[in-house]
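Residue-level structure breakdown
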Amino acid sequence: MTGEVRTVFRGGIVHCVDASTTQLLEDGVLGLDQSNRIVFVEDGSQLALLQDRYGFAADARTIQLKPHQFLMPGFIDTHIHASQYPNAGTGLDMPLLQWLETYTFPTEAMFANPEFAQNAYEKVVQRTLRSGTTACSYFTTIHREASTTLVETCERLGQRAYVGKVCMDRNSPSTYIEVTNESIRETEAFVQATLARNSELVTPIVTPRFVPTCSSQLMTGLGEVARRYNVPIQSHVSENAGEIEWVRQLHPQCSSYSDVYDVHGLLNSKAIMAHGVHLSEAEMQLLSARKVGVSHCPCSNYGILSGICRVRDLHQHNVKVGLGTDVSGGHSPAMLESLRLALIASKTVHFQEPALAPLRLYEGLHLATLGGAEVMGLQDQIGNFAPGKHFDALIVDPSSIDSPIDVFAKDKFSDRVEKFLFNGDDRNIVTVFVNGKVVKRLASAPALTAD
Ligand code: GUN
Ligand code: ZN
């Protein structure tokens, strides 16, 4: 239930109603109640009627967006390694398994140092917020103390997040590996402590890194922790050919990579599996049956030479799909970059398999917003402007100071939106709201107080 309207935004509005419907309102109005829940989103011509229907508080404020500006939902990054942010944009010259050994594990081991962790986590949360990402599903490292630092940082800077302490007890460097029972105990302690914060923004997520670095005992124990505390699970699946062959050798009794997770109790409606580049027909059916969400990470799939995920095929199998930056297999922490590469990747798939139609622009926007919310199981909370949801939103200004976009008199509202999605960047994101609170504001932003 929403309450009396306290805040009304007026200006352009764009959001995905569902996977195939996008609402574009050139002169829209959006109302929020006292807890910053969305009460309505309508055409501006309806304002007088809405005032009668919903009852506006006597001191309700109206925030008028400037010409060209529009509201859209915040981006949702369903797969990002906060601990790999120090490497973002470097080391993209080898495939997954070599890349992990050469660049990734050594950097993650540095998070044993609390100052290194604090600095890196502060930077990644600031950077993703600045890029318009209002919710993330983060991987940290094996270190519980540093993982708690990321929880605190998200709370302090105001980002919605799942935070997962990484677990790995085999096939890992001697300097960056855990003992099985300790990994389970530390995960349980992290989950308990994070839940005890009663945070509005941060939820713990159980995080077995991937099958090659997790023993059967570890995977089973982590599945039990996730069930005991009713928390989500995240990992990687069927990303790279060499990795898949290794999993086959490690678990010859299992019918597929996805089946390994299934027999260890890790596939359910709260599970997020990254990549799924090489999923077989049977695996897609299994993920669909278990209601698992897939995080499509195109920057990473190109960057570390994994291949191309067939998103249209996943949708046809009724598998939920969202987007992930997968920093630092993915070079960019900006979801706009992932959205663009998701569109390109779908065209590449289409060239190879003409029956799989390329994604349309607004399907890309859906992946980056509502699709991500579905993958994180937060579709009733965030992802679009449906009544009752939290206000996690961006004010975009295609004409902001230093804008990388030029707007012309002939441009329709939809043109301005498309130009932002294809050519815009964080300079166009002039205000970011999470839970109705301003977490970023640039000089071109509209005034937020009543005038
Ligand atoms: N598989 C296991 N660990 C990782 C990781 O850190 N990045 C990616 N892209 N894949 C993984
Ligand atoms: Zn990853």
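Predicted, not measured: the structure shown is a model, and the values here were computed from it. (Residues numbered from 1 in each chain as written. Chains lettered and ligands numbered in written order. Predicted model: local features only at pLDDT ≥ 70, side-chain atom pairs only at ≥ 80, totals over all residues.)

Ranked by internal contacts, the top residues of the largest apolar core, which has 126 residues, are Y138, A161, V163, L339 and A342. The biggest single contributor to this core is helix 12 (residues 335–352), with 8 residues. Shared between two domains, this core holds at least three residues of each, these being domain 1 (5–73 + 383–441) and domain 2 (75–375). If sequence neighbours within four positions are ignored, A342 has contacts with H296, P298, V311, L323, L359, G364 and L367. Counting residues in each nonpolar core, the second largest holds 5 residues, with W99, L100, Y103 and I304 among its members. (Core = buried A, V, L, I, M, F, W, Y, C linked by C-beta atoms within 7 Å. Buried ≥ 20, exposed ≤ 12 C-beta atoms within 10 Å, placed from the backbone. Helix = DSSP H or I, 4+ residues; strand = E, 2+ residues; numbered from the N terminus. Domains from an automatic or database assignment. Contact = placed C-beta atoms within 7 Å.)

Taken together, H81, L96, L100, T104, R209, F210, H236, E239, S300, D326 and G329 make up the full set of residues adjacent to ligand 1. Sort the elements by how many residues they give to the shell around ligand 1 and helix 2 (residues 96–109) lands first, with 3 residues. Among the residues making up the shell around ligand 1, the classes are represented as 3 nonpolar, 5 polar and 3 charged. (Near = placed C-beta within 6 Å. Nonpolar A, V, L, I, M, F, W, Y, C, P; charged D, E, K, R; others polar.)

Before going further, it helps to examine unusual backbone geometry. The omega torsion of the bond from V327 to S328 falls at 5 degrees, within 30 degrees of zero and hence cis. Mapping S328 onto the fold places it in the loop between strand 15 (320–323) and helix 12. For N198, which is not glycine, the phi dihedral falls at a positive 50 degrees. With respect to the helices and strands, N198 occurs in the loop between helix 5 (180–196) and strand 10 (202–204). N198 sits in the exposed class, given 6 other C-beta atoms within 10 Å. The phi dihedral of H275 falls on the positive side, at around 85 degrees, and the residue is not glycine.

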